[in-house]
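Okay, here's what each chain looks like letter by letter:
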Amino acid sequence: QTIAMNDTTVTLTAATLTGNVLDVDPESAGASEALKLPPEADMEGAVLFIYNSGGESVAVQNDAAGAIVTITTGTAAIVWCDGTNWAYIYDTDT
């Protein structure tokens, strides 16, 4: 699923996700954009692979704007939800 952020914060929901592989383009004039993940209660057991194909960083957050991981340009992260929390389990930048 491709997500064009259009220089704004994008908030995902379980209904807007069409798959578990996300190609995110911040399309930002700034240093980074925020990608808010769906509420944890809706995503128990979900695993997402998020790739940053744009020119700026993507700050991946939970639905309450809590930081999970920042993905720099050309790198990716894998995040997992246990129904209560989102956590990153791997990012290609480390």
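The preceding data block contains the structure.
Attention in this report is confined to the structure presented alongside it. Treat the numbers as computed from the prediction; the structure is a model and nothing was measured. (Residues numbered from 1 in each chain as written. Predicted model: local features only at pLDDT ≥ 70, side-chain atom pairs only at ≥ 80, totals over all residues. Heavy atoms only, no water.)

1. Re the overall build of the chain
Next up, step 1: When helices and strands are counted, the chain shows 0 helices and 9 strands.
Next up, step 2: Reading the secondary structure of the chain in the N-to-C direction produces β-β-β-β-β-β-β-β-β.
Next up, step 3: Here the C-alpha atoms of the chain give a radius of gyration of 12 Å, agreeing with the 12 Å that 2.2 N^0.38 yields for 94 residues.
Next up, step 4: By the burial criterion, 40% of the 94 residues in the chain qualify as buried. (Helix = DSSP H or I, 4+ residues; strand = E, 2+ residues; numbered from the N terminus. Rg over C-alpha atoms; globule rule 2.2 N^0.38 Å. Buried < 20%, exposed > 50% of the residue type's maximum accessible area, 1.4 Å probe, protein only.)

2. Thoughts on the sheet that holds strand S9 (residues 86-91)
Next up, step 1: Pairing is mixed across the open sheet formed by 5 strands, whose spatial order is S1-S3-S5-S8-S9. The open sheet has two free edges, formed respectively by strand S1 (2-4) and S9, since each of these has just one partner strand. Strand-to-strand twist of the sheet, defined as the mean angle between neighbouring strand axes without regard to direction, takes the value 25°.
Next up, step 2: Of the strand pairs in this sheet, strand S3 (residues 21-25) and strand S5 (residues 47-52) are connected by 4 bridges, and their pairing is parallel. Within S5, the position partnered with Val 24 by the bridge is Asn 52. (Pairing = 2+ DSSP bridges. Axes fitted to C-alpha atoms, helices over the stretch in contact; angles between N-to-C directions.)

3. Looking at the pairing of strand S4 (residues 32-36)
Next up, step 1: Inspection of the sheet shows strand S2 (residues 10-11) paired to S4 by 2 bridges, in the parallel sense. Paired with Val 10 across the strands is Leu 35, a residue of S4.

4. A few points about the sheet that holds strand S7 (residues 67-71)
Next up, step 1: Read across the sheet, 4 strands follow the order S2-S4-S6-S7 without closing on themselves; strand pairing throughout is mixed. If you trace the sheet from one side to the other, it starts and ends with S2 and S7, each paired once.

5. Thoughts on the nonpolar core
Next up, step 1: Ranked by internal contacts, the top residues of the largest apolar core, which has 22 residues, are Leu 37, Ile 50 and Trp 86.
Next up, step 2: For this core, the elements supplying multiple residues, two or more each, are S3, S5, strand S6 (57-61), S7 and strand S8 (76-81).
Next up, step 3: If near-sequence neighbours (up to four positions away) are discounted, Ile 50 is found in contact with Leu 22, Val 24, Leu 35, Leu 37, Val 60, Ile 71, Thr 75, Ala 76, Ala 77 and Val 79. (Core = buried A, V, L, I, M, F, W, Y, C linked by side-chain atoms within 4.5 Å. Contact = heavy atoms within 4.5 Å.)

6. Details of the side chain of Asn 52
Next up, step 1: Mapped onto the elements of the fold, Asn 52 is located in strand S5.
Next up, step 2: With a relative accessible area of 0%, Asn 52 lands in the buried category.
Next up, step 3: At 3.0 Å, the side chain of Asn 52 and the backbone oxygen of Ile 71 are in polar contact. (Polar contact = N/O pair within 3.5 Å; in protein donor to acceptor, adjacent residues only side chain to side chain.)

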